[in-house]
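Each chain is listed here by its residues.
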Amino acid sequence: MNIAETATTKFDATIWVDQHGDFLFAFAFSRVRDEWIAEDLVQDTLLAAMQSRNSFEAKSAERTWLCGILKHKIIDHFRKSSREVELTEEEADMSSYDYMFQSEGVAKGHWTAESKPTVWQENPEEVLEHAEFRGILTHCLGELPERVANCFTLREMDGYESQEICDFLNISPNNFWVMMHRARLHLRRCIDNNWFKKVQH
Amino acid sequence: MFKKVFVWLICKTLPSCREVTELVSHSMETELSWRKKIELKLHLWSCVACNRYLFQLKFMREVFEIQEDKFNRNKKIPTLSADAAERLKDALKSSKFLLLFALMYCF
């Protein structure tokens, strides 16, 4: 009966595309960093929303409701692309960061002169005003292996707890820490090189 | 001589910067054991670079937080292209017909 009602009411779901399309797309894009996948996810979300429109309670805003569905779709997408339990060779390989630290002598394991973190003068609010900086963030995340980047965005953008992310991605806490460590080493270095070490802005 | 021994002792007993970057990241996810905490504190107390590392990880965390916040207030976001919007609308429209067909088929 419910389905029949949904189909017969003259509700036009395309209005969602106009009202929330950009928002949902941008949300998905910031997580998956691929326009086509983002668009697919938005489409899946809207289709799912159409079918469960009856369960929508006017209590929450329509956008929040749609965004909630989208979040589930994104996690499903991550889960699908994260079948294997162990870290892949690429994900576990920390040797690509060897160059940041001295390999011998008394100071073995200490920062090399050119990799040493520099002083970051601006504050987070300020840097985010620059479109170029926001572009660098996306670019730097895109350089990481996919699962490592997914791990990082789930933690730092969506604020999920470590344990939840381990469940989503089917990884052990230890592997989660390795991935987060890796993501941070890389991102910090990438942001430092591409933004703070360049003085023109 | 004494100074050399002291430096050598510190280098040998305390974790290196490389290990500390891992500890710092770890400490942002979970509570460290008291032993690790002391090692980290002692290292940070004497190492400017790792202090910056810790500061910058917190900086990045804040950047992503603020970005999310701004995003939710709908500022400065990438947008759906006109083509993509059309494709989505088509998908929604055709799914309606599918639903009707499915219903007709069922009853």
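Each remark here, short or long, concerns the structure printed above.
Residues numbered from 1 in each chain as written. Chains lettered and ligands numbered in written order. Predicted model: local features only at pLDDT ≥ 70, side-chain atom pairs only at ≥ 80, totals over all residues. Heavy atoms only, no water.

A. How the structure looks around the pattern of salt bridges. Counting across every chain of the model gives 14 salt bridges over all chains. Two residues, Arg 79 of chain A and Asp 76 of chain A, come together in a salt bridge whose shortest N-O distance is 3.5 Å. Highlighted residues: Arg 79 of chain A and Asp 76 of chain A, both in helix H4 (residues 62-80), separated by 3 residues, approximately one helical turn. Taken together, the shared-partner salt bridges in this structure form one network comprising Arg 155, Glu 156 and Arg 184 of chain A together with Glu 29 and Arg 61 of chain B. (Salt bridge = Lys/Arg side-chain N within 4 Å of Asp/Glu carboxyl O. Helix = DSSP H or I, 4+ residues; strand = E, 2+ residues; numbered from the N terminus.)

B. A look at the interface of chain B and chain A. Between chain B and chain A, the residue contacts involve 50 residues of the former and 66 residues of the latter. Roughly 5,400 Å² is buried in total at the junction of chain B and chain A, and carbon and sulfur atoms are behind 68% of that figure. Considering only the side of chain B, the residues that lose the most area to chain A are Arg 18, Phe 64 and Leu 92 of chain B, jointly responsible for 13% of the buried surface there. Inspection of the region where chain B meets chain A yields 7 salt bridges. Across the pair Glu 68 of chain B and Arg 31 of chain A runs a salt bridge whose closest N-O atoms are separated by 3.0 Å. (Contact = heavy atoms within 4.5 Å. Buried area = accessible area lost by both parts, 1.4 Å probe.)

C. Broad picture of the packing of aromatic side chains. Overall, the coordinates contain 12 aromatic pairs over all chains when judged by the stated rule. Ring centres of Trp 120 of chain A and Phe 59 of chain B lie 5.0 Å apart, and the angle between their planes is 80°; this geometry places the pair in the edge-to-face category. Remark: Phe 59 of chain B occurs in helix H4 (residues 48-72) and Trp 120 of chain A occurs in the loop between helix H5 (89-92) and helix H6 (124-128); the pair is interchain, linking two chains. Seen in terms of ring centroids, Phe 196 of chain A and Phe 59 of chain B are 5.8 Å apart; in terms of plane orientation they differ by 80°. Their pairing is edge-to-face. Of this pair, Phe 196 of chain A sits in helix H10 (residues 173-196) while Phe 59 of chain B is found in helix H4, placing the two residues in two different chains. Note on Phe 196 of chain A: relative accessible area 12%, which makes it buried. Sitting over the face of the ring of Phe 27 of chain A, Arg 31 of chain A holds its NZ or CZ atom 3.9 Å from the ring centroid. (Phe/Tyr/Trp six-rings, centres within 6.5 Å; stacked < 30°, edge-to-face > 60°. Buried < 20%, exposed > 50% of the residue type's maximum accessible area, 1.4 Å probe, protein only. Lys NZ or Arg CZ within 6 Å of the ring centre and 35° of its normal.)

D. The side chain of His 186 of chain A, seen in detail. Residues and elements named next belong to chain A. Looking at the secondary structure, you find His 186 in helix H10. On the basis of relative accessible area, His 186 is assigned to the buried category, the value being 14%. What His 186 contacts, discounting residues up to four positions off in sequence, is Tyr 97, Cys 140, Glu 143 and Leu 144.

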